[in-house]
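# Structure assessment
Here is how the chains run, residue by residue.
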Amino acid sequence: MASTCCRREFLGYGCLGASALALTACGGEEEPSGWTDLIRLDEVPSGSAVKVSAGDRELLVHRSAEDEVQVLSAVCPHQGCAVEVDSQRYVCPCHDSQFELDGELIAGPAQQGLETVTSRVEGGMVRAEL
């Protein structure tokens, strides 16, 4: 009887350990996010947009008014090409999808607008949560 009891206890603890590892693995895939400086606010003229890099990401910073800034992903939702700033809109050089400076879709083949990135202005810097 003693060996049956010990075997059950051993298997019980083994199952608990395996469960703990599985839960840790499921929750451990996300990278911690943080705020990243992109560009000084005074480098983006009001009413225009500029393209910036943050690590391996290409982003678009649109300053719609003196104190209003929006950050968008520069990745076209159609097939992942990098869109470019073209006067008062963004254009994808791969298949000519076009977007308003606020990221709204003007013309396809893309089926949706550009992804918005959480951003803020702090101490004269445009920052994004990446």
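Everything quoted here is computed from the prediction, not taken from an experiment.

### Quick word on the state of the cysteines
Inspection of every chain in the model, using the stated rule, returns one disulfide. Put simply, cysteine 81 and cysteine 94 are joined by a disulfide, and their sulfur atoms are 2.0 Å apart. Residues cysteine 81 and cysteine 94 are joined through a disulfide that is left-handed, its torsion about the S-S bond being -105 degrees. Linking cysteine 81 in the loop between strand E4 (68-73) and strand E5 (84-86) with cysteine 94 in the loop between strand E6 (89-91) and strand E7 (98-99), this pair joins segments that are 13 residues apart in sequence. The exposure class of cysteine 81 is buried, given its relative accessible area of 16%. With no disulfide of its own, cysteine 76 lies closest to cysteine 92 among cysteine sulfurs, the gap being 3.9 Å.

### A short note on the side chain of histidine 62
Locating histidine 62 in the fold gives a position in strand E3 (residues 57-65). A distance of 3.3 Å separates a polar atom in the side chain of histidine 62 from the backbone oxygen of leucine 101. When sequence neighbours within four positions are dropped, the list of residues in contact with histidine 62 reads Ser48, Ala49, Glu68, Val69, Gln70, Tyr90, Leu101 and Asp102.

### Some words on the sheet that holds strand E2 (residues 48-54)
Taken together, four strands build an open sheet; the order of strands is E2-E3-E4-E9 and the sheet is antiparallel. What marks the edges here is a single partner per strand, and that holds for E2 and strand E9 (116-117). Both E4 and E9 contribute to a ladder of two bridges, which runs antiparallel. In the strand pairing of E9, leucine 72 is matched with threonine 116.

Thresholds applied
Residues numbered from 1 in each chain as written. Predicted model: local features only at pLDDT ≥ 70, side-chain atom pairs only at ≥ 80, totals over all residues. Heavy atoms only, no water. Disulfide = S-S within 2.5 Å. Helix = DSSP H or I, 4+ residues; strand = E, 2+ residues; numbered from the N terminus. Buried < 20%, exposed > 50% of the residue type's maximum accessible area, 1.4 Å probe, protein only. Polar contact = N/O pair within 3.5 Å; in protein donor to acceptor, adjacent residues only side chain to side chain. Contact = heavy atoms within 4.5 Å. Pairing = 2+ DSSP bridges.

Any functional reading would require information that these geometric values do not contain.
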